[in-house]
Amino acid sequence: MTNPVITATHSVDAALATTPVAAAVLNVFGIDTCCGGHATIAEAAAHAHVDPAVVVEALDAASQDAARKPGSALPQAKVCCGGCK
């Protein structure tokens, strides 16, 4: 396995900017991709009661899969906790 482009120390916003599949992956874990974007992946994962390593692994796997299959990216809908509205 290659070194992940996104690590647990990256912010949610950085992950969203790095790969087009990040929003969909983070949404699966219930990670806030709207007003929680300033948090690191580790912080967001802890808030969602998920192991950050699992989130990073899923982001990396989805990103690699999307790179192998151009045009197959998951939708980028953002999940918001409602705190920014």
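Conventions used here
- Residues numbered from 1 in each chain as written.
- Predicted model: local features only at pLDDT ≥ 70, side-chain atom pairs only at ≥ 80, totals over all residues.
- Heavy atoms only, no water.
- Core = buried A, V, L, I, M, F, W, Y, C linked by side-chain atoms within 4.5 Å.
- Buried < 20%, exposed > 50% of the residue type's maximum accessible area, 1.4 Å probe, protein only.
- Helix = DSSP H or I, 4+ residues; strand = E, 2+ residues; numbered from the N terminus.
- Expected span 1.5 Å × (residues − 1).
- Contact = heavy atoms within 4.5 Å.
- Polar contact = N/O pair within 3.5 Å; in protein donor to acceptor, adjacent residues only side chain to side chain.
- pLDDT = per-residue confidence, 0-100.

Caption draft 1: Seen up close, the nonpolar core. One finds Val12, Leu16, Leu26, Ile31, Ile41, Val55 and Leu59 to be the most contacted residues of the largest nonpolar core, which totals 20 residues. Sorting the residues of this core by element identifies helix H1 (12-18), helix H2 (22-28), helix H3 (41-47) and helix H4 (52-68) as the ones contributing at least two each. Top element by residues in this core is H4. It accounts for five residues.

Caption draft 2: Region of the structure containing H4. The first and last C-alpha atoms of H4 sit 24 Å apart over 17 residues, in line with the 24 Å expected at 1.5 Å per residue. Within H4, the full set of buried residues consists of Val55, Val56, Leu59, Asp60, Ala62 and Ala66. At its buried positions, H4 is contacted by H2 and H3. The N-terminus of H4 is capped by Asp51, whose side-chain oxygen sits 2.9 Å from the backbone nitrogen of Ala53.

Caption draft 3: Looking closely at the environment of Ile31. Position of Ile31 relative to the elements: it lies in the loop between H2 and H3. Note on Ile31: relative accessible area 1%, which makes it buried. Between the alpha carbons of Ile31 and Val12 there is a distance of 8.6 Å; along the sequence they are 19 residues apart.

Caption draft 4: Seen up close, the environment of Thr18. Tracing the backbone shows Thr18 in helix H1. Among all residues touching Thr18, those that are not within four sequence positions of it are Val5 and Ile6.

Caption draft 5: The confidence of the model for the protein chain, seen in detail. Per-residue pLDDT for the protein chain averages 83, and the proportion of residues at 70 or more is 76%. Per-element confidence in the protein chain ranges from a low mean pLDDT of 90 for H4 to a high of 96 for H3.

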